[in-house]
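# Reading the structure
This is what each chain is made of:
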Amino acid sequence: MKPEILIGAPMPPSVIAALEAVFTVHRLWEIEDKQGFFADAGKRVRGMAASTLAGRIDGAQMDRLPALEIISSFGVGYDTIDAAAAAERGIVVTNTPGVLDDEVADLTIGLLLATLRQLPQADRFVREGRWPQGPFPLSPTLRGRRIGILGLGAIGKAIAHRLEAFGVEIAYHTRSPKDGVSYAYHDTLIGLAAASDVLIAIVPGGASTRHIVDAEVLAALGADGVFINVARGSVVDQPALIAALQAGTILAAGLDVYEDEPNVPEALIALPNVVLLPHLGSASVHTRAAMGQRVVDNLKAWFADGQPLTPVAETRHLVS
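Residues numbered from 1 in each chain as written. Predicted model: local features only at pLDDT ≥ 70, side-chain atom pairs only at ≥ 80, totals over all residues. Heavy atoms only, no water.

Tallying secondary structure elements over the protein gives 12 helices and 12 strands in all. On C-alpha atoms alone, the protein measures out to a radius of gyration of 22 Å, which is about the 20 Å that the 2.2 N^0.38 rule sets for 320 residues. Projected onto its principal axes, the C-alpha positions of the protein cover 70 × 50 × 30 Å. Counting across all 320 residues of the protein, residues that qualify as buried make up 48%. Partitioning the intrachain contacts of the protein with sequence separation of at least 6 by distance along the chain shows that 59% fall at a separation of at least 24. Carbon together with sulfur atoms contributes 55% to the accessible area of the protein, which is approximately 14,900 Å² in total. Taken together, the 26 basic and 35 acidic charged side chains of the protein have centroids lying 3 Å from each other. (Helix = DSSP H or I, 4+ residues; strand = E, 2+ residues; numbered from the N terminus. Rg over C-alpha atoms; globule rule 2.2 N^0.38 Å. Buried < 20%, exposed > 50% of the residue type's maximum accessible area, 1.4 Å probe, protein only. Contact = heavy atoms within 4.5 Å. Areas by Shrake-Rupley, 256 points an atom, 1.4 Å probe, with all protein chains shown as cover. Lys, Arg positive; Asp, Glu negative; His and termini not counted. Charge placed at Lys NZ, Arg CZ, Asp CG, Glu CD.)

Following this line, the structure appears as structure tokens:
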């Protein structure tokens, strides 16, 4: 018999079709009697395909699936899954690193340029018919800026590699220096912010990074500073960021993520010195297809030989 798996929230049709070719699939969002499902069929579910749309998956939810062996997550970040609780229960968690690095790095550069050169504002200037009345104001520039990267994992390195082509100075902060990296290392985030004109956040979400970019860090970035967030909304203290933008503590911000998505505070929307994107980091047809295939491949590999492709660090020891 095909192993039974649960899909926690809607995924691309191609992903669901690929899963249905191999597994007996339950679509949680289509099940009206969820309590009855968990009491009956839920006891047979051995795998789960998850995404941020499914909400938080904690130990209590895992316990409703007593036969669960693996959670295959759609995305590189997995802060909505309690990986420690999964490890305690012998459940492997996988994610989709690698396949989205370039897409997120490309978008980060686009967001940085859009924020500095005020491209959305210039677009509105033309559309609103204001050009005949005079030229668009001169914008800030990337020239001569010092770029600080908070987090230098695979995506952070891809961002830094692209920035090298712009001839800018690059530095970074992580918990410890990275081997084989020539960029300047700062052992504190405050130190990195003070030495930078642009601060790019690309660290995982979760308790350890919650509000790591706070009022003090933004003040250190300074009045000519630009903050770019392509990490998680929880990484920045959002009220502190709004206050810093309103007061001119920093120059501008480019945001792809927010604390309570998809709800963006009106105070952010009202600010003229912010570029706002609806969490587009990996949102291309090409990359989402690759991410979906990785979700499928992790599940198939686990049930074939117990060797998923990309187990997360917390559960890597469970792979034989």
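What follows concerns unusual backbone geometry. Omega for the peptide link from Glu261 to Pro262 comes to 5°, which places this bond in the cis form. As for its placement among the helices and strands, Pro262 is situated in the loop between β11 (252-255) and α11 (266-269). A positive phi is found at Gln118, a non-glycine position, where the angle reads about 55°. Position of Gln118 among the secondary structure elements: in the loop between α5 (101-116) and α6 (119-127).

Here the focus is the sheet that holds strand β8 (residues 184-185). In space, the seven strands of this open sheet follow the order β8-β7-β6-β9-β10-β11-β12, with parallel pairing throughout. Of all the strands in the sheet, the pair left with one neighbour each is β8 and β12 (274-276). Examined bridge by bridge, strand β6 (residues 146-150) and strand β7 (residues 169-173) share five bridges and lie parallel to one another. Of the residues in β7, the one forming a bridge with Gly148 is Ala171. Running over the sheet, α5 touches β9 (198-201), β10 (226-229), β11 and β12 and is turned about 150° from β10. Running over the sheet, helix α10 (residues 238-247) touches β10, β11 and β12 and is turned about 140° from β11. (Pairing = 2+ DSSP bridges. Axes fitted to C-alpha atoms, helices over the stretch in contact; angles between N-to-C directions.)

Once that is clear, we can look at the nonpolar core. Among the nonpolar cores identified, the biggest contains 48 residues, and Leu19, Ile149, Ile159, Leu163 and Leu299 are the most heavily contacted of them. Considering every element that reaches this core, the biggest residue donor is α5, with seven residues. (Core = buried A, V, L, I, M, F, W, Y, C linked by side-chain atoms within 4.5 Å.)

Turning our eyes to something else, we now look at the pairing of β10. Judged by which residues are buried, β10 turns out to be covered on both faces: Val226 and Ile228 on one side and Phe227 and Asn229 on the other are all buried. Relative to β10, β9 is paired through four bridges, and the arrangement is parallel. Bridge pairing in β10 links Ala201 to Asn229. You can see the chain leave β9, run along helix α9 (residues 215-221) and come back into β10, and the turn it takes is right-handed. For the segment spanning β10, α10 and β11, crossover handedness is right-handed. (Right-handed = clockwise from strand over helix to strand, strands pointing away.)

For helix α7 (residues 154-164), every residue scored as buried is listed here: Ile155, Gly156, Ala158, Ile159, Ala160 and Leu163. Against the buried residues of α7 lie α5, β6, β7 and β9.

Attention now goes to the pattern of salt bridges. In the structure shown here, the tally under the stated rule is 16 salt bridges. Salt-bridge contacts for Arg146 lead to Asp197; the nearest nitrogen and oxygen are separated by 3.1 Å. One end of the pair, Arg146, is in strand β6; the other, Asp197, is in the loop between α8 (189-194) and β9, with 51 residues separating them in the sequence. Exposure remark for Asp197: the relative accessible area of 14% places this residue in the buried category. (Salt bridge = Lys/Arg side-chain N within 4 Å of Asp/Glu carboxyl O.)

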